[in-house]
Amino acid sequence: MKIINATLRKTPGLHTVMCEGEHISAITLQSAHVPPQAGDIDAQGQLLIAPFVEPHIHLDAALTAGQPEWNLSGTLFEGIERWAQRKETITHEDTKQRAHTTLRMLAEHGIQHVRTHVDVTDPTLAALRAMIEVREETRHLINLQIVAFPQEDIESYAGGRELMTLAVELGADVVGGIPHFENTREQGVSSIKFLMDLAERTGCLVDVHCDETDDPHSRFLEVLAEEARVRGMGSRVTASHTTAMGSYDNAYCSKLFRLLKASGINFVSCPTESIHLQGRFDTFPKRRGVTRVAELDRAGMNVCFGQDSIKDPWYPLGNGNILRVLDAGLHICHMMGFEDLARSLDLVTDNSARTLDLGERYGIAVGRPANMLVLDAESDYEAVRRQAKARVSIRGGKVLMTRVPERVEFS
Ligand code: FE2
């Protein structure tokens, strides 16, 4: 396979990218635009990028909004009530079918790497067992990382530790947590020590729902970061949400940032979900309830954007398009300066790949897997401004998907 007339991010000129088998075999700078030969994929000067990444989604709850009732207030708490109703009717096949449908939506938007959290506070681990099957059945479309996510806590839930351990034995890739939701601060701290021990012992990655609240006293991030620093595990650890950081005062945050940087952990922000669910205890002024994305980025830390939900009891919208979340996130996080816009795809590609610890399994470079997208845009700026779609998605050196651009005709 040969892709010609491709613009690569952060590299001037047009390029030809050759693939042999499932890998990229050569990348050459063209001296001029070249005409296509039979079988070539002509990027027509548009961006050829590594696939989009979805670093944080809950596939086990996706596509359940309104079943049996809609969340009328839109709050997290009514979401929990609606989810409890829907949970009663969940079956193995139902979970699998919704996960397959959602993953196809993600793949249609050029996503080829996904990290899903799966609720393991269920004595049968039904959703986890279903998702492990889905991980195998969708390998042609995406690479799926499964997080053992204790939605109803580790320490405050009967058998929570045993269920987390069993989830990892069954094949979860990532150890999760939810320390701010535990009954006491001590249980939150203890849950972090437990989950870090479990990850260190088993070689799993870590991704914790951390301080997903507007409570400025929710300070489990410092505990997670210190555990990661001391154990030298930072690059394998992710703090998701950290929305309380949006309510921390600057004096505490300046001390915290020193630790965060030393720890080397990764951050995921889900700006559409957080702007929707947080700020609910405020009248006016209302907080945005989003972590300090721009500030983490400026301080040289790794931060990326995720969707979190698609049409579930907590968040009724979403369609798999990560550029929609990027657009909203840039607005919400005050990142609309041109320098931010001109490298904005970092937040949904390279930074997310680093969070998923993909290493040399990701990126456009010789020897790496031939997984790529031709985007319908020539720059990051135009991609986000126009909400560009993937024209061609290439996976393992083969065309996975092509899209016919829509055409508008005025009469
Ligand atoms: Fe989440």
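Rules behind the numbers
All residue numbers here refer to positions counted from 1 along the written sequence of the relevant chain. With the structure being a predicted model, the display of local features is reserved for residues of pLDDT at least 70 and the display and counting of side-chain atom pairs for 80 or more, all residues being used for whole-chain, interface and lining totals. Excluded from the side-chain calculation are hydrogens and water; included are all heavy atoms of the structure. Coordinating donors are taken as N, O and S atoms within 2.8 Å of the metal, stretched to 3.2 Å for Na, K and Ca; because water is absent from the atoms, sites can appear incomplete. For four-coordinate sites, all angles between 85 and 135 degrees define a tetrahedron; for four- and six-coordinate sites, opposite donors beyond 155 degrees with the remaining angles between 65 and 115 define square planar and octahedral shapes respectively, and all other cases count as irregular. Only protein chains enter the accessibility calculation, which uses a 1.4 Å probe; a residue whose area is less than 20% of its type maximum is buried, one above 50% is exposed, and one in between is partly exposed. The axes are straight lines fitted to the C-alpha atoms, using for helices just the contacting stretch, and the angles between their N-to-C directions are given from 0 to 180°. Only DSSP runs of H or I with at least four residues qualify as helices, and only runs of E with at least two residues qualify as strands; both kinds are numbered from the N terminus onward. By definition in this entry, angles of less than 35 degrees are roughly parallel, angles greater than 145 are roughly antiparallel, angles of 65 to 115 are roughly perpendicular, and the rest are oblique. Note on convention: near helix rotated counterclockwise from far helix by under a right angle means a left-handed crossing. Clockwise means right-handed. For this analysis, residues touch if any pair of their heavy atoms sits within 4.5 Å. Only when DSSP finds a minimum of two bridges between them are two strands counted as paired. Domain borders in the structure are assigned automatically or taken from a domain database. Buried area counts how much accessible surface, traced with a 1.4 Å probe, disappears from two parts once they are put together, with both parts' losses summed. What makes a nonpolar core is a set of buried Ala, Val, Leu, Ile, Met, Phe, Trp, Tyr and Cys residues whose side-chain atoms join them at distances within 4.5 Å. Polar contacts here mean pairs of N or O atoms no more than 3.5 Å apart (in protein, one a potential hydrogen donor and the other a potential acceptor; neighbouring residues in sequence count only if both atoms are side-chain atoms). Note on definitions: the grid is 1 Å and covers protein atoms alone; a cavity is a set of points where a 1.4 Å probe fits but cannot get out; a pocket is an open set with protein on both sides within 12 Å along at least five of seven lines; lining residues have an atom within 4 Å of a point. Grid points are joined across faces, edges and corners, and a volume is the space filled by probe spheres set on the points. Throughout, the ten residues Ala, Val, Leu, Ile, Met, Phe, Trp, Tyr, Cys and Pro are labelled nonpolar, Asp, Glu, Lys and Arg are labelled charged, and all others, Gly among them, are labelled polar. Salt bridge criterion: a side-chain nitrogen from Lys or Arg within 4 Å of a carboxyl oxygen from Asp or Glu.

J.: Help me get a handle on the coordination of the iron ion, residues and values and all.
T.: Donor atoms from the polypeptide that coordinate the iron ion comprise His 56 (NE2), His 58 (NE2), His 209 (NE2) and Asp 308 (OD), at 2.2 to 2.4 Å from the metal. The site at the iron ion holds four donor atoms, and with the angles between them running 83 to 176 degrees, its shape is irregular. For His 56, a relative accessible area of 0% gives the class buried. A residue is classified by how much of its surface remains accessible, and His 58, at 10% relative accessible area, is buried.

J.: Pulling in residues and values, what's your account of the packing of helix H4 (residues 160–170) against helix H5 (residues 185–202)?
T.: Put simply, H4 and H5 touch, their axes get as near as 11 Å, and they point 25 degrees apart. When the interaxial angle is binned, H4 and H5 end up roughly parallel. H4 and H5 meet at a crossing whose hand is right-handed. Listed contacts from H5 to Arg 161, Met 164, Thr 165 and Val 168 of H4 are Ser 190, Phe 194, Leu 198 and Thr 202.

J.: Could you give an account of the sheet that holds strand E8 (residues 143–149), naming the residues involved and the relevant values?
T.: One open sheet accounts for eight strands, arranged E6-E7-E8-E9-E10-E11-E12-E13; its pairing is parallel. Edge strands, defined here as strands with exactly one partner in the open sheet, are strand E6 (52–57) and strand E13 (302–305). Here strand E9 (residues 174–175) runs beside strand E10 (residues 205–210); their pairing, made up of two bridges, is parallel. Looking at the pairing, Val 174 lines up with Leu 205 of E10.

J.: Please set out the domain arrangement of the protein chain residue by residue, giving values where relevant.
T.: Per the domain assignment, the segments making up the protein chain are domain 1 (2–50 + 363–402) and domain 2 (76–360). One C-alpha centre belongs to domain 1, the other to domain 2; they are set 30 Å apart. Facing the 24 residues of domain 1 at the interface are 27 residues of domain 2. Contact between domain 1 and domain 2 buries roughly 1900 Å² in total, counting both sides, with carbon and sulfur atoms accounting for 52%. Its largest share of buried area at the contact with domain 2, domain 1 owes to Val 384, Gln 387 and Arg 395, together 31% of the area lost on that side.

J.: So what's going on with the nonpolar core? Which residues, and what values?
T.: If you look at the biggest cluster of nonpolar residues, it comprises 94 residues, and the most contacted ones within it are Phe 52, Leu 260 and Phe 267. Tallying contributions element by element places helix H10 (residues 322–332) first for this core, with seven residues. Residues lining this core come from more than one domain, with at least three contributed by each of domain 1 (2–50 + 363–402) and domain 2 (76–360). Residues within four places of Phe 52 in sequence aside, it is in contact with His 109, Gly 110, Ile 111, Gln 112, His 113, Ile 322, Leu 323, Leu 345, Val 348, Thr 349, Leu 373 and Leu 375. Ala 6, Ile 41, Ala 43 and Val 374 belong to the second largest nonpolar core, which has 14 residues in total.

J.: Describe the environment of Asp 94, with residues and values.
T.: Here Asp 94 is to be found in helix H2 (residues 92–108). A relative accessible area of 14% means that Asp 94 is categorised as buried. The sequence separation of Asp 94 and Asp 380 amounts to 286 residues, and the corresponding C-alpha distance is 38 Å. Not counting chain neighbours up to four residues away, the residues in contact with Asp 94 comprise Arg 86 and Thr 89. There is a polar contact of 2.9 Å between the side chain of Asp 94 and the side chain of Arg 98.

J.: Can you lay out the layout of surface pockets for me, pointing to particular residues and giving the numbers?
T.: Its boundaries defined by the atoms lining it, the largest pocket holds a volume of some 560 Å³. Taken together, 29 residues form the lining of the largest pocket, with Leu 76, His 180, Glu 212, Leu 277 and Gln 278 sitting closest to its centre. Contributing elements (two or more residues each) for the lining of the largest pocket: helix H1 (76–87) and helix H8 (271–277).

J.: Quick one: what's the story with the packing of H5 against helix H6 (residues 220–231), residue by residue and with numbers?
T.: Direction vectors running N to C along H5 and H6 enclose 30 degrees, while the axes themselves pass 10 Å from each other. Our classification of the angle between H5 and H6 gives roughly parallel. Judged by the twist between their axes, the crossing of H5 over H6 is right-handed. Here Arg 185, Gly 188, Val 189, Ile 192, Lys 193, Met 196, Asp 197 and Glu 200 of H5 lie close against H6, whose contacting residues are Phe 220, Glu 222, Val 223, Leu 224, Glu 227, Ala 228 and Arg 231. Considered class by class, the residues forming the contact of H5 with H6 number seven nonpolar, one polar and seven charged.

J.: Summarise the sheet that holds strand E4 (residues 41–42); cite the residues concerned and give the values.
T.: Ordered by their spatial adjacency, four strands build an open sheet running E3-E2-E1-E4, and the pairing between neighbours is mixed. Two strands lie at the open edges of the sheet, namely strand E3 (23–29) and E4, each paired on one side alone. In this sheet, E4 lies alongside strand E1 (residues 2–7) in parallel orientation, the contact comprising two bridges. Bridging from a neighbouring strand, Ile 4 pairs with Asp 42 of E4.

J.: How would you summarise the pattern of salt bridges if you had to cite specific residues and measurements?
T.: Any two side chains of opposite charge can pair, so long as their charged atoms come close to each other. Applying the stated criterion across every chain yields a total of 32 salt bridges. Asp 297 is paired through a salt bridge with Arg 343; the nearest N and O atoms lie 3.0 Å apart. Residue Asp 297 is found in helix H9 (residues 293–298), and its partner Arg 343 is found in the loop between helix H11 (338–341) and helix H12 (350–355); the two are separated by 46 residues along the sequence. Owing to a relative accessible area of 13%, Asp 297 belongs among the buried residues under this scheme.

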